[in-house]
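Summary of the model geometry
One letter stands for each residue in the lines below.
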Amino acid sequence: MGKYIRILTTPPGPKAKEIIKKDEELLMQSYVRWYPFVVAGGEGAVVEDVDGNRYIDFNSGLVVLNTGHLHPKVIEAVELQLKRYIHYSLTDFYYELAVEYAEKLFSALPWKDNKIFYTNSGAESIEAVIKVAKGYFEGKRNYFIGFLGAFHGRTIGSLSFTASKAIQRKFFFPLMPGVIHVPYPYPYRCPFNSKTPKECAENVLGYIEDWIFKKYVDPGEVAAFLIEPVQGEGGYVVPPKEFMTGLKKLAEKHGILFAVDEVQSGMGRTGKLLAIEHFGVRPDLAALAKGIASGFPLGALVGRRDVMTLPGGSHANTFGGNPVSLAAAKATLDLLTGGLMDNARVLGEYIMKRFTEYMEKYEIIGDVRGLGLMIGVELVRDRKTKEPASKELNTIINNCFKRGVLVIGAGASSIRIAPPLVITREQVDEALEIIEDEIRKADKSLKS
Ligand SMILES: Cc1ncc(COP(=O)(O)O)c(C=O)c1O
C-alpha cells in the first residue's frame, strides 16, 4: 500500500479471473499479454482493476494515454463534439474540425509547408507512407529500406517493415515485396561491434552505401527510408545523433524520401512533439497515431506539401479523422504544448538519473537510455557477454504488477518506462521504489 497504490487482493482477483476465462474462450488469442490486468477505471497516472486494486501506470495503455486517464479537458471536448455530430466521412465530404486540427498541429511543428492525411491507427499511417511514397515517384521507385528490430504494425504492408520478433512475420509470407532490412544503430549492441555510438552510426551508414546500394539495389529505385527515431518494440533504443543526420544526407544525395514512424515516440512523449526533432532533421513524412487523441482511435500522416500529392480517388478511408477523435486530438495537443511536454522532459531526466544510480548498484542493469518519458532499462545476465536477462525481466514485470506497478518490457530484455505525461514526481517515486526492489531481488538471484 502506498499513497496511490492499493492492493486489496493479489491480482488477478476473482472478477479478473472470470473475465480472463471468458476472454480466452471468446477472443482470438493472438495478443501478447504480459500479466492478467483487467482495467475498470483510471484517473491521471493511476488505474484501477475490476477487483478494486489500484496501480501506478507506467504503460499508458499502451503508450497512448499521454494525457493520462480521463483528462477533464479531453472529456469536455469530446462531450461537446458528441452533441454536434459524430461522423460524416472525409472520403466524400468536409468538416471544419479536420482543418482546425491540421492548422493547430502544423503550428506546433518546427517545419512549414505541411499537409496531413487522417487514418485510424498506426499501421494505417504506415500504409499511407507506402502509398504516398510510391505515388510521389509515380510507381517508378518501389524499394524501401527498413530496419531490423523495427515495429511498424501488423497489416501486410506495415508488417513488411516490422522485424522485431520472428513470430510477427511467421505464417504471412509473402509480404509486400521490395522492403530491404538493414541493422538499426543500436549503440549497446551494435551489429558491427563498433566501439562507440558514432562508429556504430558510421558503420550502418557505410553498410547501406557500400553493400546495399552498390551490390543489391540501385538507390535510384528506392522510394523511402522508414525509421523509428527511437526504436519502440525493439527495446526503446535511442540511435546516435550522427546516424539520423547521416541518413538524411544519404536520402538527399539519392533523392530518397526520409520517413519516420512516430507512432510510439511522437506526441510529446520524448519531451518534444516528435522525437525526430531531437536530431535536428526534417522528415519528409511522419506517421502518427497512439498518443495523438488520448485513447480515441486516430492516426495521421504528416508530410511535406510537395510530397503529399496522391491524386483524387487514389487513397481514402471511411473513419479516418473521425470528428470525436479529432476533438480529443485538439484538446490533447493543447495539453501537450501547454506543459505536459515540459513534464516529460523534467521527469524523464529524473527517472534516467535514478536508473543510472541503480546501474551502479545492480549489475543486472546493462544499459539505461531514453528521451523524455520513453526510457529503456536493458537487463543482462552478464555485463561482459550481455546475455539478455529475459526470464528475469519477466519476473520483475510480473512482481511489479502484483505489487501495484504496471510496466512491461520491450526488445529481448528491457524494461519499458512509458508513463502518462501527467505523472507526478511523487507517483514516480512510489513506483520506482517497487521497481528498484524487484531489480535488486533479480540481481541477487543471479548472483546466488
Ligand atoms: C512504432 C510503431 N509503429 C506502428 C505501430 C502500429 O500501430 P497500431 O497498433 O495502431 O496499428 C506501433 C504499435 O505499437 C508502433 O509502436
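Now for a description of the structure that goes with this document. The shown structure was predicted, so the numbers you read here are calculated from the model rather than taken from an experiment.

Each value, and the rule that gives it
Residues numbered from 1 in each chain as written. Predicted model: local features only at pLDDT ≥ 70, side-chain atom pairs only at ≥ 80, totals over all residues. Heavy atoms only, no water. Helix = DSSP H or I, 4+ residues; strand = E, 2+ residues; numbered from the N terminus. Rg over C-alpha atoms; globule rule 2.2 N^0.38 Å. Buried < 20%, exposed > 50% of the residue type's maximum accessible area, 1.4 Å probe, protein only. Contact = heavy atoms within 4.5 Å. Areas by Shrake-Rupley, 256 points an atom, 1.4 Å probe, with all protein chains shown as cover. Lys, Arg positive; Asp, Glu negative; His and termini not counted. Charge placed at Lys NZ, Arg CZ, Asp CG, Glu CD. Near = heavy atom within 4 Å. Polar contact = N/O pair within 3.5 Å; in protein donor to acceptor, adjacent residues only side chain to side chain. Expected span 1.5 Å × (residues − 1). 1 Å grid on protein atoms, 1.4 Å probe; cavity = no way out; pocket = protein on both sides within 12 Å on 5 of 7 lines; lining within 4 Å. Points joined across faces, edges and corners; volume = space filled by probe spheres on them. Nonpolar A, V, L, I, M, F, W, Y, C, P; charged D, E, K, R; others polar. Pairing = 2+ DSSP bridges. Core = buried A, V, L, I, M, F, W, Y, C linked by side-chain atoms within 4.5 Å. Domains from an automatic or database assignment. Axes fitted to C-alpha atoms, helices over the stretch in contact; angles between N-to-C directions.

Another aspect to go through is the overall build of the chain. When helices and strands are tallied, the chain shows twelve helices and 15 strands. In terms of overall dimensions, the chain is globule-like: its C-alpha atoms have a radius of gyration of 22 Å, near the 22 Å expected for 448 residues. Projecting the C-alpha coordinates of the chain onto the three principal axes gives extents of approximately 60 × 60 × 45 Å. Expressed as a percentage of its 448 residues, the buried residues of the chain come to 55%. For the chain, the proportion of contacts with a sequence separation of at least 24, taken over those separated by at least 6, is 73%. When the accessible surface of the chain is totalled, it reaches about 19900 Å², and 55% of it is carbon and sulfur. Distance between charge centres in the chain, computed from 56 positive and 53 negative side chains, equals 2 Å.

Taken together, Ser 121, Gly 122, Ala 123, Phe 151, His 152, Gly 153, Arg 154, Glu 228, Asp 261, Val 263, Gln 264 and Lys 290 make up the full set of residues adjacent to the ligand. Here an oxygen atom of the ligand sits 3.0 Å away from a polar atom, N or O, in the side chain of Arg 154. At 2.7 Å from an oxygen atom of the ligand is found a side-chain nitrogen or oxygen belonging to Gln 264. Alone, the ligand offers 390 Å² of accessible surface; in the complex the protein occludes 87% of this.

Attention shifts here to helix H5 (residues 122–136). Between its first and last C-alpha, H5 extends 21 Å over 15 residues, near the 21 Å set by a 1.5 Å rise per residue. Those residues of H5 lying buried are Gly 122, Ala 123, Ser 125, Ile 126, Ala 128, Val 129, Ile 130, Val 132 and Ala 133. With a side-chain oxygen positioned 3.1 Å from the backbone nitrogen of Glu 124, the residue opening H5 is Ser 121. Looking at the residues trailing H5, positive phi occurs at Glu 138, about 50°.

Glancing now at the layout of surface pockets. Estimates place the volume of the second largest pocket at around 740 Å³. What lines the second largest pocket is a set of 25 residues, among which Leu 90, Ile 116, Phe 117, Tyr 118 and His 315 lie closest to the centre. Only helix H4 (96–108) and strand S4 (114–119) provide two or more residues apiece to the lining of the second largest pocket. In terms of residue count, S4 provides more of the lining of the second largest pocket than any other element does, four residues in total. Partitioning the lining of the second largest pocket into residue classes produces 15 nonpolar, eight polar and two charged.

Another point: the pairing of strand S11 (residues 365–371). S11 sits mainly inside the fold: seven of its seven residues count as buried. Relative to strand S12 (residues 374–379), S11 is paired through six bridges, and the arrangement is antiparallel. The residue bridging Val 368 from the neighbouring strand is Val 377, located in S12. Between S11 and S12, which pair antiparallel in sequence order, lie two residues; one of them, Gly 372, sits at a positive phi of approximately 55°.

This paragraph deals with the nonpolar core. Phe 213, Phe 355 and Ile 417 are the most contacted members of the largest nonpolar core, which has 116 residues in total. Both of domain 1 (14–70 + 340–447) and domain 2 (72–336) provide at least three residues apiece to this core. Setting aside chain neighbours within four positions, we find Ile 417 in contact with Phe 58, Tyr 236, Ile 351, Phe 355, Leu 373, Met 374, Ile 375, Val 377, Val 407 and Ile 435. With 24 residues, the next largest nonpolar core counts Ala 133, Phe 137, Met 176 and Val 179 among its residues.

On to the environment of Ala 287, then. With respect to the helices and strands, the residue Ala 287 is situated in strand S9 (residues 285–288). For Ala 287, a relative accessible area of 0% corresponds to the buried category. Those residues in contact with Ala 287, other than ones at most four positions away along the chain, are Ser 125, Ile 126, Val 129, Val 260, Asp 261, Glu 262, Val 263, Ala 300 and Leu 301.

Across the sheet, which stays open at both edges, the four strands sit in the order S11-S12-S15-S14 with antiparallel pairing between neighbours. The outermost strands of the open sheet, each flanked by one partner alone, are S11 and strand S14 (408–410). Strand-to-strand twist in this sheet, taken as the mean axis angle between neighbours without regard to direction, amounts to 30°. Of the strands in this sheet, S11, S12 and strand S15 (414–417) are in contact with helix H10 (residues 323–361), which crosses S11 at around 170°.

Let's shift gears to unusual backbone geometry. Cis rather than trans, the peptide bond between Gly 61 and Leu 62 has omega equal to -20°. The residue Leu 62 is located in helix H2 (residues 60–63) in this model. Of the consecutive residues Phe 173 and Pro 174, the connecting peptide bond is found in the cis state with omega at -5°. Here Pro 174 lies in the loop between helix H7 (166–169) and strand S6 (179–182). A positive phi angle, close to 50°, is found at Leu 70, a residue other than glycine. Relative to the elements of secondary structure, Leu 70 occurs in the loop between H2 and helix H3 (72–82).

This paragraph deals with the side chain of Glu 438. If you trace the backbone, Glu 438 turns up in helix H12 (residues 425–447). According to the relative accessible area criterion, Glu 438 is buried, its value standing at 3%. Among the polar contacts made by the side chain of Glu 438, one reaches the side chain of Lys 441 at a distance of 3.0 Å. With near-sequence residues (within four places) excluded, Glu 438 lies in contact with Ile 396, Asn 399, Cys 400 and Arg 403.

What follows covers empty space enclosed by the protein. In total, this model carries one cavity of 30 Å³ or more according to the counting rule given. Put simply, the largest cavity is a space of about 60 Å³. As for the largest cavity, its lining consists of Leu 109, Trp 111, Asn 114, Leu 274, Arg 282, Pro 283, Asp 284, Leu 285, Ala 286, Val 302, Gly 303 and Arg 304. When the residues that make up the lining of the largest cavity are grouped by side-chain class, the tally is seven nonpolar, two polar and three charged.

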